[in-house]
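Here's the letter readout for the chains.
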Amino acid sequence: MVAVPGRLQSAFTAGELDPLLEERTELKYFRTGANRMENVVTIPQGGFTLRGGLVDIGQVDSTAERIFGFRASDGSAYDLVFAGGKMEAWSATAKLQTVTISSLTAGMLPKLNQAQLLDTMLLFHQDLKPQRIKHAGPTSWSRDDAPLEAIPSYDYGGPIGGGSYTNGVAAVWRLEFVGLTSGTSIFTLTVSQQETVSLSYNSDMTVLAAAIQAAILDLPNVASGATAVSASGGAGGTKINITFSGTGNEGDGWAVSGTVINKADAAILAAKTTAGVAPGEDVISADRGWPRCGAFYNQRLLLGGFKSLPNAWMFSLQGDYYNYDERFTGANGPALIPMDVEGGEAIEQLVPSRNLAIFTNSAEYWIAERGLDRTEPPNHVQSGERGVKAGVPVVKNEGALNFVSSTGSVIGEFRYTDVEGNFVSRDISLLASHLVEDVKDQAMRRAEKSTSGNLNGVVLEDGSARLGIFLREQDITAFSRMTSDSATFKAVCANGRNEMSWIVERPSGRRLERLTTGYLLDEVMTFSYGSPQTSISGLSQFEGREIWVIGDDNVLGPYTVASGAITLDYGVTTGYLGTWSPPKVTLLPPPRDVAPNVVVKRPIRIPTAKISVLDTTSLAVAINDGPLKSVGLFRYGLKADVPELQQGVTGTLSIAGLTGFHEEPKLTLSQLRPGKLTIRSVTPEPAF
């Protein structure tokens, strides 16, 4: 008998593909994609396997909406769960402490941002004064207002309520003339690097002041209103006061010096007697609002996206994270930096990377200079025009930054390339655009093994969840769906232990759960008894719901919880229990190409298939969305003296008897009961 040919698919590295791609058989991704991938993750080496299970850690506040990982200076790691008016600190197994944050409302949580350094985390929102959370031990958490000092002043055109600012102070410099000869000595003045015309010294200070005033007003950097007067008030003396008053001369950015040209034993001494203060008000305040975001970078604290000045950011004195006193005029001093961008563009994220990256709601930028220098304006280089969605973290992946676009429907990659000599912003969710719609949160867990990829957890506004496997050097970007019994996902983070934690809405309330490799169930609760037990109690959170039990490596169930307890078919000593959400992988329809640009478009069927499995204990298949049928893995059944999950099958299974013609026939792989499942390859054998 002649073997039936089929199309071998041993890689699923493109993940679930958008329905628009089902006819794009010429794409290389068509051969590595699937019509649907649910509750599975791609194996970079080939095939796919079950995702990890969600282990229940405990119940969180009913308004909990955000979760941030915290890695302390001593290496300990925590999950910080934020709800309206509070923060909960969680260890690997339990809640440690609740900290009150009365100014944090539930409405702020979706756009809440954070920055962490050592044992300090700062929280940011445009309507929240920056909050500081300090860690002094597992159960020693505290909160206060971030102690920001000497906030820069900014002229908003007048105070709230109208009128003009009255707090401006003109800078005053005093010149003292020593050893000059009236009528013969010639000198020049330099005002902030601009030199005046040559002036003749006159011992009459009123005459000299008039000449000096005319000379400095002739400089291009001095506006009208600046004055020079005799310090003595009359003709006598040797001193002149220069006052930088008038519109355009505000502030303290003046430097004055004098040089005698034709007399070696004469000098002009210059001293600032009054520091200038520009009229205005604090750039951030209770009246003007607060920064949207911040970051620790270059031994400074950066704040940006101010509510009333959204296109600006500022950095602190180097080595003094909370000091923004602009009287420090050296390179290490603080500065306020308004960006030259279009109106309505707001800074949403400041992200330290190869260079400092700035993400606004309209575009992506990077700072060309590695260090921050008060004396040199930073060069903002635009690399993309997608912008980022407010409140959604930018995560790091293999040297790049992954961000969610301002529309919430694109996951972009911000990566430096030597070819371009620039950062490049590109769409990496294009092949699965139908899965990435209105994202509200994301996190990236580093690869658990050297041969695996990074895991991207994504939460959508409708409560759905997605998983993405990234190994960009091998061109692996595979998105899949994550579903769980009665679950609505609220938030996700990756903590310092490289664990992915989720806030999940369950029938029993909101829970903190962790995605953990090796578990077959969700909402996992573990148990251990000294002797075999048939009754398990304390299950009130599952009341009236169906659960499964993995006991002593056997799969038991399903059971419906009544009065917080279940009775097993036989006694078990150790294991875990929880709800189960089956995997589902539907292959793309077989290509119809019979020659270049020639296809056969008629109903066909897939009567047989070859499925290569690895250490698998449960498998079911279906064709054309029909009912699932269990695949017999053992010719003579399970061994009686070996636990079920220790009898995994490795090899190629031949599936026959699949019936039904269809315009687009699709083979589905799933399970009818929990068990181990790893698929190395699938070979549908269609009949045309």
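All figures in this text were calculated on a predicted structure; none of them were measured in a lab.

J.: Before we move on, can you summarise the overall build of the chain with the specific residues and values?
T.: Looking only at helices and strands, the chain has one helix and 56 strands in total. For 688 residues, the compact-globule estimate of 2.2 N^0.38 gives 26 Å, and the chain exceeds it by more than 25% at 34 Å. In terms of overall dimensions, the chain has a C-alpha envelope of 120 × 65 × 45 Å along the principal axes. Partitioning the contacts of the chain with sequence separation of at least 6, the portion at a separation of at least 24 is 61%. Of the accessible surface of the chain, which amounts to about 29,000 Å², a share of 49% is contributed by carbon and sulfur atoms. Between the centroid of the 59 positive side chains of the chain and the centroid of its 72 negative side chains there is a distance of 6 Å.

J.: Give a description of the environment of D287 that names residues and reports values.
T.: Structurally, the position occupied by D287 is in the loop between strand 24 (281-282) and strand 25 (293-297). Given the relative accessible area of 61%, D287 is considered exposed. For the pair D287 and T375, spaced 88 residues apart in the sequence, the C-alpha separation amounts to 30 Å.

J.: Which residues make up the sheet that holds strand 10 (residues 95-100), and what values go with them?
T.: Read across the sheet, four strands follow the order 7-8-9-10 without closing on themselves; strand pairing throughout is antiparallel. The sheet is open, and its two edges are formed by strand 7 (66-71) and strand 10, each paired on a single side. Taking the axes of each pair of neighbouring strands and ignoring which way they run, one obtains an average angle of 25° across the sheet. Of the pairings in the sheet, the one linking strand 7 to strand 8 (residues 77-83) comprises six bridges and is antiparallel in character. Each bridged residue has a counterpart across the sheet, and for R71 the counterpart in strand 8 is A77.

J.: If you had to explain the state of the cysteines to someone new, which residues and values would you point to?
T.: Following the criterion strictly, the structure yields zero disulfides and no others. In this model C293 remains outside any disulfide bridge; the closest cysteine sulfur is found in C493, 20 Å from its own. The class for C293 is buried, based on a relative accessible area of 1%.

J.: Which residues make up the packing of aromatic side chains, and what are the values?
T.: Aromatic ring pairs are defined here through the distance separating the ring centres and the angle between the ring planes. In total, this model carries 21 aromatic pairs according to the counting rule given. Ring plane angle 45° and centroid distance 5.4 Å describe the contact between F359 and F403, whose orientation is recorded as tilted. With a gap of 44 residues between them, F359 in strand 30 (residues 357-360) and F403 in strand 34 (residues 400-404) connect regions that are remote in the sequence. Neither residue differs from the other here; F359 and F403 are each classed as buried. Where W366 meets Y416, the ring centres are 6.4 Å apart and the plane angle is 80°; that geometry is what we call edge-to-face. Here W366, found in strand 31 (residues 364-367), pairs with Y416, found in strand 35 (residues 411-417); they are 50 residues apart in sequence, far enough to count as distant. Relative accessible area serves as the criterion here: at 9%, W366 is assigned to the buried category. One aromatic cluster in this structure is built from F359, W366, F403, F414, Y416 and F423. In this structure, R354 is placed above the aromatic ring of Y416, and the distance from its NZ or CZ to the ring centre is 3.7 Å.

J.: Would you mind going over helix 1 (residues 205-217) in detail, with residue names and values included?
T.: The end-to-end C-alpha separation of helix 1 is 18 Å, in line with the 18 Å expected for 13 residues at 1.5 Å each. Residues of helix 1 that are buried include every one of M205, L208, A209, I212, A215 and I216, and no others. With its buried residues spanning 130° around the axis, helix 1 presents them on a single face.

J.: How would you summarise the pattern of salt bridges if you had to cite specific residues and measurements?
T.: Any two side chains of opposite charge can pair if their charged atoms end up close together. One pass over the full model with this rule turns up 36 salt bridges. By sharing partners, the salt bridges in this structure join D485, R506, E513, E523 and R545 into a single network.

J.: Provide a residue-level description of the pairing of strand 10, including the pertinent values.
T.: Taken together, the five bridges between strand 9 (residues 86-90) and strand 10 define a ladder with antiparallel strand orientation. Counterpart to K86 in the pairing with strand 10 is T100. Counting the residues in the hairpin turn of strand 9 and strand 10 gives four residues.

J.: Just give me the short version of the sheet that holds strand 32 (residues 380-384), but keep the residues and values in it.
T.: One open sheet accounts for four strands, arranged 29-30-31-32; its pairing is antiparallel. Edge positions in the sheet fall to strand 29 (347-351) and strand 32, since each has one partner strand and no second. In this sheet, adjacent strand axes meet at a mean angle of 25° when their direction is disregarded. As paired elements, strand 31 and strand 32 share four bridges and run antiparallel to each other. From the neighbouring strand, Y365 faces strand 32, where its bridge partner is Q382.

J.: Lay out unusual backbone geometry with the relevant residues and their values.
T.: Residues other than glycine predominantly adopt negative phi, and peptide bonds predominantly adopt the trans conformation. With an omega dihedral of 5°, the bond running from G557 to P558 counts as a cis peptide bond. Phi is positive for D475, which is not a glycine, with a value near 60°. One non-glycine residue, N624, lies in positive phi territory at about 55°. Positionally, N624 belongs in the loop between strand 52 (620-623) and strand 53 (629-630).

J.: Report on the environment of T608, specifying residues and quantitative values.
T.: When you line up the elements, T608 lands in strand 51 (residues 605-616). A sequence separation of 198 residues divides T608 from V410, and the C-alpha atoms of the two residues are 38 Å apart. Among all residues touching T608, those that are not within four sequence positions of it are I655, A656, T683, P684 and E685.

J.: Outline the environment of T534, listing residues and values.
T.: Secondary-structure assignment places T534 in strand 44 (residues 522-536). Relative accessible area serves as the criterion here: at 37%, T534 is assigned to the partly exposed category. Once the C-alpha coordinates of T534 and L568 are considered, the two residues, 34 residues apart in sequence, prove to be 4.8 Å apart. Look past the residues within four positions of T534 in its chain and what remains in contact with it is I566, T567, L568, Y570 and G571.

J.: Hey, could you go over the confidence of the model for the chain for me, with residue numbers and the actual values?
T.: Counting all residues, the mean pLDDT for the chain is 92, and 99% of those residues have values of 70 or more. Put simply, strand 49 (residues 593-595) is where the chain has its lowest mean pLDDT, 68, and strand 12 (residues 120-125) is where it has its highest, 98.

J.: An account of the side chain of R511 is requested, with residue identities and associated values reported.
T.: Residue position: R511 is located in strand 43 (residues 509-516). For R511, a relative accessible area of 7% corresponds to the buried category. Only 3.2 Å separates the side chain of R511 from the side chain of Q541, close enough to count as a polar contact. When sequence neighbours within four positions are dropped, the list of residues in contact with R511 reads D56, G58, Q59, V60, W502, I503, V504, R506 and Q541.

Parameters at a glance
- In every chain, residue numbers begin from 1 and rise along the written sequence.
- In keeping with the model being predicted, local features are shown solely for residues with a pLDDT of at least 70 and side-chain atom pairs are shown and tallied solely at 80 or more, while totals for entire chains, interfaces and linings include all residues.
- Note that the side-chain values use all heavy atoms of the structure and ignore hydrogens as well as water.
- Secondary structure elements are taken from DSSP: a helix is a run of H or I of four residues or more, a strand is a run of E of two residues or more, and numbering for both begins at the N terminus.
- Two things to know: the radius of gyration comes from C-alpha atoms, and the globule rule equals 2.2 Å times the number of residues to the power 0.38.
- Contacts are residue-level and defined by heavy atoms, with any inter-residue pair within 4.5 Å sufficient.
- Shrake-Rupley sampling with a 1.4 Å probe provides the accessible areas, and residues are treated as covered by the protein chains on show and by no other component.
- Here Asp and Glu are counted as negative and Lys and Arg as positive; His is not counted, and neither are the chain ends.
- Taken as the charge location is NZ of Lys, CZ of Arg, CG of Asp or CD of Glu.
- Burial status follows relative accessibility: with a 1.4 Å probe on protein chains alone, a residue under 20% of its type maximum counts as buried, one over 50% as exposed, and anything between as partly exposed.
- Paired strands, as defined in this entry, are two strands with at least two bridges between them according to DSSP.
- Think of each axis as a best-fit line through the C-alpha atoms, taken over the contacting stretch in the case of a helix, with angles from 0 to 180 degrees between the N-to-C directions.
- When two cysteine sulfur atoms lie within 2.5 Å, the pair is treated as a disulfide.
- Pairs were defined over the aromatic rings of Phe, Tyr and Trp, the Trp ring being its six-membered one, requiring ring centres within 6.5 Å. Orientation was assigned from the angle between planes: stacked under 30 degrees, edge-to-face over 60, tilted for the rest.
- Put simply, a charge is over a ring when the Lys NZ or the Arg CZ is close to the ring centre, within 6 Å, and near the line of the ring normal, within 35 degrees.
- One less than the residue count of a helix, multiplied by 1.5 Å, gives the span that helix is expected to have.
- When we speak of the arc, we mean the arc of directions from the helix axis to the C-beta atoms.
- We define a salt bridge as a side-chain nitrogen of Lys or Arg found within 4 Å of a carboxyl oxygen belonging to Asp or Glu.
- Known as pLDDT, the predictor's confidence for each residue is given on a scale from 0 to 100.
- Here a polar contact means two N or O atoms within 3.5 Å. Within protein one must be a hydrogen donor candidate and the other an acceptor candidate, and residues neighboring in sequence count only if both atoms are side-chain atoms.

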